[in-house]
Amino acid sequence: MERMRGLTTISYSIVAACVSASAQGVALQIEWRENILTISGPGVPGEKIETWYLEAFCRKGSTNRKWEETVVPHTTWLVSASADKSRIQLEGAIDGVTVTHDIQARDDCVTFDLVLTNTSDIPVDIEWAQPCMRVDRFTGKGKEDYIANCFIFAENGPVMLDKTRRTENAVYKGGQVYVPRGINRDDVNPRPLSPEVPVNNLIGCTSADGKWLVATAWDHTQELFQGIITCIHADFRIGGLTPKETKRVRGVVYIMPNDFDALLKRYAADFPAK
């Protein structure tokens with residue numbers, strides 16, 4: 001990581017990659033209302049993708065305890081939205097922490113730039129956060145069979161989630177958690193933990209007709225998660241905040257032709273350290 005003027009960040013250019021892919025663009029638009037971020041456009045399979053943004057901010061020690069003991073209460077509100085639906089700015093408050101969100105729609109991706117600042121004089125235990133992307137419309141499937149369209153990248157390449165190694169024992173049944181290397185497995189979702197270890201921060205799914213994919217990633221990931229409401233998560237890592245500390249996290253949602261090699265090239269360009 002690079003430290004500059006109290007800002008913890010990692011440098012790369014998501015915007016450049018999104019713009020450079022405009023020849024295959026699907027002219028995305030974004031809206032945010034009542035904590036739901038909607039990505040839409042004439043080329044989007046199912047017409048729109050809704051994300052609970054954000055579902056939760058979470059404390060450490062989350063794997064083996066009740067969910068209500070993990071969630072940190074938060075509020076988020078709209079600051080501005082452009083008339084052409086290409087940019088949204090949000091602000092939020094969480095337990096002494098302020099958060100600004102700059103969300104921008106490009107031709108075939110949506111970028112997220114968050115700045116979190118601990119305004120207090122004490123450390124704040126906010127380890128990770130959850131955007132919950134619903135993919136029922138995109139996959140054309142329901143919660144019983146949609147995981148056959150969902151994927152992560154493991155050591156042997158892309159793997160569909162119905163083909164991953166899965167477990168069942170957890171505080172709460174259902175779903176599956178994929179924990180990257182370097183993340184404490186005591187600090188993730190209290191759902192079943194797969195022994196499958198993702199090799200990058202991408203999770204996504206293919207469209208009902210097999211021609212498109214949607215995938216999402218963040219620069220720092222706590223877990224990749226297949227949920228129980230026809231959803232997928234790339235849950236981003238914050239790692240706590242010391243007094244007066246500021247951190248920056250960045251993410252992206254890609255909507256592009258179904259080509260894993262092309263997706264990996266985009267991901268490598270946007271997250272060169274990953």
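Read on for a plain summary of the structure. (Residues numbered from 1 in each chain as written. Predicted model: local features only at pLDDT ≥ 70, side-chain atom pairs only at ≥ 80, totals over all residues. Heavy atoms only, no water.)

## Section: the overall build of the protein chain
When its secondary structure is counted, the protein chain shows three helices and 19 strands. A compact globule built from 274 residues should have a C-alpha radius of gyration of about 19 Å, and the protein chain, at 18 Å, falls within 12% of that. Dimensions along the principal axes, computed over C-alpha positions, put the protein chain at roughly 50 × 45 × 35 Å. Burial analysis of the protein chain (274 residues in total) assigns 52% to the buried set. Contacts spanning at least 24 positions in sequence make up 63% of the contacts within the protein chain whose residues lie at least 6 apart. Only carbon and sulfur atoms are counted for the fraction: they give 49% of the accessible area of the protein chain, which is about 11,900 Å². Side-chain charges in the protein chain split into 31 positive and 35 negative, and the spacing between the mean points of these groups amounts to 1 Å. (Helix = DSSP H or I, 4+ residues; strand = E, 2+ residues; numbered from the N terminus. Rg over C-alpha atoms; globule rule 2.2 N^0.38 Å. Buried < 20%, exposed > 50% of the residue type's maximum accessible area, 1.4 Å probe, protein only. Contact = heavy atoms within 4.5 Å. Areas by Shrake-Rupley, 256 points an atom, 1.4 Å probe, with all protein chains shown as cover. Lys, Arg positive; Asp, Glu negative; His and termini not counted. Charge placed at Lys NZ, Arg CZ, Asp CG, Glu CD.)

## Here's the deal with the layout of surface pockets
In this structure, the largest pocket spans a volume of roughly 210 Å³. The wall of the largest pocket is formed by 15 residues, among which Glu 55, Asn 189, Arg 191, Phe 225 and Ile 228 lie closest to the centre. Where the lining of the largest pocket is concerned, the elements lending two or more residues are strand 5 (48-58), strand 11 (128-134) and strand 18 (231-237). Considering the residues around the second largest pocket, the lining is formed by Lys 143, Glu 144, Tyr 146, Ile 147, Arg 166, Gly 174, Gly 175, Gln 226, Gly 227 and Ile 228. Its residues assigned to classes, the lining of the second largest pocket comprises three nonpolar, four polar and three charged. (1 Å grid on protein atoms, 1.4 Å probe; cavity = no way out; pocket = protein on both sides within 12 Å on 5 of 7 lines; lining within 4 Å. Points joined across faces, edges and corners; volume = space filled by probe spheres on them. Nonpolar A, V, L, I, M, F, W, Y, C, P; charged D, E, K, R; others polar.)

## Focus on the environment of Leu 213
Relative to the elements of secondary structure, Leu 213 occurs in strand 16 (residues 212-218). According to the relative accessible area criterion, Leu 213 is buried, its value standing at 0%. Separated by 168 residues in sequence, Leu 213 and Pro 45 place their C-alpha atoms 9.0 Å apart. Leaving out residues up to four positions away in the same chain, Leu 213 has contacts with Phe 138, Phe 151, Cys 205, Thr 206, Tyr 254, Ile 255, Met 256, Pro 257, Asn 258, Asp 259, Phe 260 and Leu 263.

## Looking at helix 3 (residues 260-270)
If you check which residues of helix 3 are buried, you get Leu 263, Arg 266, Tyr 267 and Asp 270. Taken around the axis of helix 3, the buried residues stretch over an arc of 100°, which confines them to a single face. Those residues of helix 3 that are exposed and aimed more than 90 degrees away from the buried face are Asp 261 and Lys 265. Where helix 3 starts, the residue carrying a side-chain oxygen 3.1 Å from the main-chain nitrogen of Asp 261 turns out to be Asp 259. (Arc of directions from axis to C-beta. Polar contact = N/O pair within 3.5 Å; in protein donor to acceptor, adjacent residues only side chain to side chain.)

## Some details on the packing of aromatic side chains
What characterises a pair of aromatic rings is the spacing of the ring centres plus the angle enclosed by the ring planes. For the structure on display, the rule yields eight aromatic pairs. Ring centres 5.5 Å apart and planes at 35° place the aromatic pair Tyr 53 and Phe 112 in the tilted group. Of this pair, Tyr 53 sits in strand 5 while Phe 112 sits in strand 10 (residues 109-118), placing them 59 residues apart in sequence. For Phe 112, a relative accessible area of 6% corresponds to the buried category. On the basis of an interplanar angle of 80° and a centroid distance of 5.7 Å, the ring pair of Phe 153 and Phe 260 is categorised as edge-to-face. (Phe/Tyr/Trp six-rings, centres within 6.5 Å; stacked < 30°, edge-to-face > 60°.)

## Re the side chain of Asn 118
Residue placement: Asn 118 occurs in strand 10. Given a relative accessible area of 0%, Asn 118 falls into the buried group. Polar contacts involving the side chain of Asn 118 include one to the main-chain carbonyl oxygen of Ile 122, which spans 2.9 Å. Those residues in contact with Asn 118 that lie beyond four places of it in its chain are Gly 96, Val 97, Pro 123, Val 124, Leu 241, Thr 242, Pro 243, Lys 244 and Glu 245.

## Some details on the side chain of Glu 127
Here Glu 127 shows up in the loop between strand 10 and strand 11. Residue Glu 127 is classed as buried on the basis of its relative accessible area of 2%. Residue contacts for Glu 127: discarding those within four places in its chain leaves Cys 58, Arg 59, Lys 60, Asp 187, Gln 222, Arg 237, Ile 238, Gly 239 and Gly 240.

## Some points on the pairing of strand 9 (residues 97-105)
Where burial is concerned, most of strand 9 is hidden: seven out of the nine residues are buried. For strand 8 (residues 87-94) and strand 9, the ladder comprises eight bridges, and the chain directions are antiparallel. Its bridge partner lying in strand 9, Gly 92 is registered against Val 99. Where strand 8 hands over to strand 9, the hairpin turn is made up of two residues, of which Asp 95 adopts a positive phi near 50°. Where strand 9 folds back onto strand 10 in an antiparallel hairpin, the turn is made up of three residues. (Pairing = 2+ DSSP bridges.)

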